[in-house]
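Each chain, written out:
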Amino acid sequence: MVAEPAQDQSVQELEDKQEWWWVAEKKRSKRLDYLRKSIWKKGALGGNYAPGIKLDLECATLFTDMWKFWKYDPIMMRRAKAIAHVLDKKTIFITDHAQLVGYFGSLPNTIMWRVDGASMVNEEAYNEPGIMPEPENESLQKVAELNDYWAGQTAVDKVARILDPEDAVKFLSGAIGWGAPSSAYGYSGKDYEYLFAGRRGFEDIIEEINAAIEKAEDKTVGVPGPEILDIYDRLQNWDAMILVLEAGIRHAKRYARLARTMAENMETDEKRREELLKIAETCERVPARAPRNLQESLQYDHFIQIFARTEAHEGAWPARPDYYHGPYYDKDVNVDKTLTKEDALDLVGEFMIRAYEVGGFAPRWAREGLQGITGTWVWTLGGVNKDGSDACNDLTVAFLQAARLVRVSNPTFGFRWHPKVKDEVLRECFECIRHGLGYPSIRNDPLLIQNAMHWHGHPLEEARTWVHQACMSPCPTTKHGVQPMRMASATANCAKMVEYALHNGYDHVVGMQMGPETGDAAKFHDFEDLFQAWVKQMEWLTSLLVRTVNLGRYKDPEFFGRPFLSGMSERSVESGLDVVSPVGDRGNCWVTAFTWVENIDSLAAVKKLVFDDKKYTMEQLLTALKANWDGYEEMRLDFVNNAPKWGNDDDYVDDIMLRCLRETARHSRVMKCPSGNSWPILPENVSGNIHYASIVGALPNGRRCGDALYDGGISPGPGLDKKGPSAVLKSCGKIDHVSDGRAFLLNQRLSPTQLAGEKGYQLWKAYIRTWADLGLDHVQFNMVSDETLRAAQKDPEKYSEVIVRVAGYSAHFVDISRKTQDNIIQRTVQGI
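Because the structure is a prediction, the values reported are computed rather than measured.

The strand order across the open sheet built from 6 strands is E5-E6-E7-E17-E16-E20, with neighbouring strands paired in mixed fashion. Across the chains shown, the open sheet's two edge strands, defined by having one partner strand only, are strand E5 (378-382) and strand E20 (829-830). As paired strands, strand E16 (residues 747-750) and strand E17 (residues 778-782) are joined by 3 bridges and run parallel to one another. Bridging from a neighbouring strand, Asn747 pairs with Gln780 of E17.

Here it is, written out as structure tokens:
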């Protein structure tokens, strides 16, 4: 629960003090205020769940019971029946004042447990303190029984058994990457063009599947031949899709009955009674049939997301809500006038709150890497239509306004900026940033459309539909473009590249030979020897992670299976293939490059102080690094202060950045995904810079093991960008943001004082113009003062709604660890 605002202060007084969280409380409707304050926060505080959050055992038990019962069925059918059982039997509820319904747990305070995903996660669930429902002993016994059943037969267990043993050990060491090679823990896009642009409800899809079945069955009784053999598998897949879609319709009708029962038998307030009847009417309509108005459209979308998350632990929420729901807003508010703007704002705000409350159990490494949130729900706003015209609409503005009222940290927005964006829309973006939300991030739409065409060959019209697949990567929402399985296990701890190049592939932190032996660095004759060692380590590290992911995806239809998501895909409905099958998928892969810039600053430091100036020998440097700089403080400060650093428009170090990126881009084209497409890198960090702090050894940029790593994908190190924001932009502008990688995250801190009022907006607008002219694809801002952040550290109760941009996502400041808080405060405040 949030603290009460100062009752004796006016909105104007609070705005003058830039206490935007209190302004939001005073401005939002009573409905939004109730819904926002009554929510259970599922994101981990630092790395721990909040008091009162409990593991959902009901759904895990229902799923397992039916899974056991249908043990002879093919995996996709077996999963469909188990999911249908959960949807038919699990406890449902309707929150007071709610207009939208649906949660994937059985109670508002529960976190879903993907019991069939990975045994190692199940073991963590058993051992996690404080999350077992009462009575605790009975819950622990139930969890133990479920774990015993699933041990060895979860999706990840099956992949791990066939991985190369050496790859498996190194991947599972936790030193070089993270994630799980299965769609059980994936980032799955949705085929919005099929569902929303195509105006299809589940009954329409079932009708199309039945037509496909009828056509296929004709072949199975025709001329014998090898071409008909796989039809038998497809027929079962189609049946599984129908089964789970019908379960989704029944589940919605359960809500309709509950709402109608509450309205007719329990509710005395006439207005609320009408709202409950409206909920009943909505759930009787969707998802069975296509929506007719804004409430139905938002409810339809929410059901789809909940069902998909009942099927798998989805770590992202690719969406473009203003684009696909905008026509319904326009019809209801502007044409039919059945909704006022205020009523619509309530629906939009609640739509965001419903997403914010979604949370599943995650292992500790994931919680530490995504402190304060449960996944990267980055919703896409703005951009262009398929014909290149401006796609911003009244709902774009409504979402930006609602965000300032509900102040949730998940979802956040990424705004597709382009030259035709109207000033009124850009002002709304700025207001969100000025209110300290840390979002929307600003994305360069023309450039990212070009990027999607360059790396994965998406046609222009399809590329223009792109959404954020997770934090950053653009992905179309089309039949062949949508990405059904993006796994974080191609997430690389890149600082290990330079660390291994310096230590002949040996990892002194985990104590084992990890990378290839690329030579004793003490014997390197020049910088070129070191750089070539770095290239080999880069190739080895990215290749190992990609091999793991490729295998996971290739085997996923056999080891896991996604009947519901397949039913949401035009490609699968047409073909009868599991949506995760790469057949017909154009591919949209990327390697998330954590801790990337440490490579650049470290290589530059060695080049400058060892090989060019010859101030130190390699042997001296290696000795200091192995000692974690202990006893070498004067030398360490020399490497911190007197070696060139990225972000200062200095060609000496910027050229090394370009050389590293282009070597990696070359290798990206060598590595292929199961669809036969490339694996470009995408430098960003979420909270990986904190998670990996004690895993990355001492580096030549002066960093010690245990120190936080740099916070952004191409952000300069905190306090190391000494020449102002223009120099940062110029350094980043030397990168080719189309051909050098998939996208590049840039964090910037701006002064809330400098950017106050109209003058502040004009300054920021000019900054964005420069950013676009220099050809950068991304920038995001923190605009909360040090004074406020330090006050929040001292008195978190009073500042519980202060939001900051971490890296690729936003979080409430009080929900992240002290180390992450300090790291954000240390970032340079840029004057523009």
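This next bit is on the packing of helix H16 (residues 341-356) against helix H18 (residues 394-406). Helix packing geometry: the angle between the two helix axes and the distance between the axes. With their axes 9 Å apart at the nearest point, H16 and H18 run at an angle of 65° to one another. The way H16 lies across H18 gives a crossing that is right-handed. On the side of H16, the interface is formed by Leu345, Val348, Gly349, Phe351, Met352 and Ile353, while H18 contributes Leu395, Ala398, Phe399, Gln401, Ala402, Ala403, Leu405 and Val406. Of the residues in the contact of H16 with H18, the class split is 12 nonpolar, 2 polar and no charged.

All right, on to the pairing of strand E7 (residues 441-444) then. One face of the sheet, then the other: side chains in a regular strand alternate in exactly this way. Neither face of E7 is left uncovered, since the one carrying Ser441 and Arg443 and the one carrying Ile442 and Asn444 both have all their residues buried. Bridge count for strand E6 (residues 412-417) against E7 is 4 bridges, and the pairing is parallel. Among the inter-strand pairings, Phe415 is bridged to a residue of E7, identified as Ile442. Taken together, E6, helix H19 (residues 423-434) and E7 constitute a β-α-β crossover, and its handedness is right-handed. As defined by bridge partners, E7 adjoins E17 across 2 bridges and the pair is classed as antiparallel. Among the inter-strand pairings, Ile442 is bridged to a residue of E17, identified as Val779.

Before going further, it helps to spend a moment on the packing of aromatic side chains. Using the criterion set out here, one finds 42 aromatic pairs in the structure. The interplanar angle of 85° and the centroid separation of 6.2 Å between the aromatic rings of Trp379 and Phe399 together place this pair among those described as edge-to-face. Highlighted residues: Trp379 in strand E5 and Phe399 in helix H18, separated in sequence by 20 residues. Exposure class is identical for Trp379 and Phe399. Each is buried. Through a chain of ring-to-ring contacts, three or more aromatic side chains come together here, namely Tyr192, Phe196, Phe202, Tyr255, Tyr300, Phe303, Phe307, Tyr323, Tyr324 and Phe564. The residue whose ring lies beneath Lys81 is Trp70, and the NZ or CZ to ring-centre distance is 3.4 Å. When the ring centre of Trp377 is taken as reference, the NZ or CZ atom of Arg309 above it lies at 5.0 Å.

On to the nonpolar core. The biggest cluster of nonpolar side chains holds 268 residues, and the ones touching the most others in it are Leu55, Phe202, Met352, Trp379, Trp534, Trp596 and Trp764. It is helix H12 (residues 231-265) that provides the largest number of residues to this core, a total of 16 residues. Not counting chain neighbours up to four residues away, the residues in contact with Leu55 comprise Ile111, Trp113, Ala125, Ile131, Met132, Pro133, Val143 and Phe361. Residues Val384, Ile449, Ala463 and Trp466 belong to the second largest nonpolar core, which totals 6 residues.

A covalent bond bridging the sulfur atoms of two cysteines is what the word disulfide describes. Evaluation of the coordinates by the stated rule reveals 0 disulfides. The thiol of Cys660 is unpaired, and the distance to the nearest cysteine sulfur, on Cys494, comes to 10 Å. We note that Cys732 lacks a disulfide partner, and the nearest cysteine sulfur, in Cys660, lies 15 Å from it.

Let us look at unusual backbone geometry. In this structure, Pro287 follows Val286 across a cis peptide bond, with omega equal to 10°. Along the chain, the position of Pro287 falls in the loop between helix H13 (270-285) and helix H14 (294-311). Omega for the peptide link from Asn410 to Pro411 comes to 10°, which places this bond in the cis form. Looking at where Pro411 falls in the secondary structure, it is placed in the loop between H18 and E6. Of note in this structure, Gln18 is not a glycine but carries a positive phi near 60°. Positive phi, normally seen in glycine, also occurs at Trp629, with a value near 70°. Along the chain, Trp629 turns up in the loop between helix H27 (618-626) and helix H28 (633-641).

For Ser409, the location among the structural elements is in the loop between H18 and E6. When its relative accessible area of 0% is taken as the criterion, Ser409 is described as buried. Each C-alpha atom, one on Ser409 and one on Glu357, is 11 Å from the other, the two residues being 52 residues apart in sequence. There is a polar contact of 3.5 Å between the side chain of Ser409 and the side chain of His812.

Here we have 4 strands laid out as an open sheet, ordered E3-E11-E14-E15, and mixed in their pairing. Taken across any chain shown, the strands that pair with only one partner, and hence form the sheet edges, are strand E3 (177-178) and strand E15 (681-683). Those strands touched by helix H23 (residues 527-559) are E3, strand E11 (491-493) and strand E14 (591-594), and its axis lies near 150° from that of E11.

There is a patch of like negative charges on the surface, built from Glu214, Glu217, Asp218 and Asp239. Secondary-structure assignment places Glu214 in helix H11 (residues 202-220).

Here is what the cut-offs are and how they apply
- Residues numbered from 1 in each chain as written.
- Predicted model: local features only at pLDDT ≥ 70, side-chain atom pairs only at ≥ 80, totals over all residues.
- Heavy atoms only, no water.
- Pairing = 2+ DSSP bridges.
- Helix = DSSP H or I, 4+ residues; strand = E, 2+ residues; numbered from the N terminus.
- Axes fitted to C-alpha atoms, helices over the stretch in contact; angles between N-to-C directions.
- Left-handed = near helix turned anticlockwise from the far one by under 90°.
- Contact = heavy atoms within 4.5 Å.
- Nonpolar A, V, L, I, M, F, W, Y, C, P; charged D, E, K, R; others polar.
- Buried < 20%, exposed > 50% of the residue type's maximum accessible area, 1.4 Å probe, protein only.
- Right-handed = clockwise from strand over helix to strand, strands pointing away.
- Phe/Tyr/Trp six-rings, centres within 6.5 Å; stacked < 30°, edge-to-face > 60°.
- Lys NZ or Arg CZ within 6 Å of the ring centre and 35° of its normal.
- Core = buried A, V, L, I, M, F, W, Y, C linked by side-chain atoms within 4.5 Å.
- Disulfide = S-S within 2.5 Å.
- Polar contact = N/O pair within 3.5 Å; in protein donor to acceptor, adjacent residues only side chain to side chain.
- Patch = residues over 30% accessible without salt bridge, like charges linked within 9 Å, V, L, I, M, F, W, Y side chains within 5 Å.
- Areas by Shrake-Rupley, 256 points an atom, 1.4 Å probe, with all protein chains shown as cover.
- Salt bridge = Lys/Arg side-chain N within 4 Å of Asp/Glu carboxyl O.
- Lys, Arg positive; Asp, Glu negative; His and termini not counted.
- Charge placed at Lys NZ, Arg CZ, Asp CG, Glu CD.

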